[in-house]
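Chains, contacts and geometry: an overview
The chain contents come next:
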Amino acid sequence: MNYTEFQVTLNVPPLLEDAMVDCLLAIDSDGFSSLNVNAHTTNHEQMSLLEQVSGRQKMIRFEMYVKPSQLQPLLTHLKQTMHGAGIQYWVLPVLERGTI
């Protein structure tokens, strides 16, 4: 199936929020959304002691829609500029999108 858009989701440590905003604003897209989330994981390597005890890690989630031709350049750019930052990401095909 050929998709016309993909949703890219990024979970970013709060200290990198401004850098990610700047990075995403430099990309040709329809914009993005951000929100505060609690990430839960069994991988405690990048968690503080308080986060390990509480079982949650504060993150900023960014969500954006991109065209297929924008996807790989976006991921390549993020991997180069944010390498080693502990950013989790996933990509989902968009079946439908609109305004109601």
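Here, the structure is the one placed above.
In this report, we go over the structure that sits alongside the text. Model, not experiment: these values are computed from the prediction.

Within the structure shown, the criterion is met by two salt bridges. Measuring nitrogen to oxygen at the nearest pair gives 3.1 Å for the salt bridge that ties R97 to D30. Separated by 67 residues along the polypeptide, R97 in the segment after β4 (88-93) and D30 in the loop between α1 (17-25) and β2 (32-39) bring together distant segments of the chain.

The next point concerns the pairing of strand β1 (residues 6-12). Extensive coverage of β1 is indicated by the burial of seven of its seven residues. Because side chains alternate across β1, one face comprises the buried residues F6, V8, L10 and V12, and the other comprises Q7, T9 and N11, equally buried. The pairing of β1 with strand β3 (residues 57-66) spans seven bridges and is classified as antiparallel. Within the sheet, the bridge partner assigned to T9 lies in β3 and is E63. Strand direction decides the pairing type here: β1 and β4, joined by six bridges, are antiparallel. Bridging across to β4, T9 finds its partner in W90.

What counts, and at which threshold
- Residues numbered from 1 in each chain as written.
- Predicted model: local features only at pLDDT ≥ 70, side-chain atom pairs only at ≥ 80, totals over all residues.
- Heavy atoms only, no water.
- Salt bridge = Lys/Arg side-chain N within 4 Å of Asp/Glu carboxyl O.
- Helix = DSSP H or I, 4+ residues; strand = E, 2+ residues; numbered from the N terminus.
- Buried < 20%, exposed > 50% of the residue type's maximum accessible area, 1.4 Å probe, protein only.
- Pairing = 2+ DSSP bridges.

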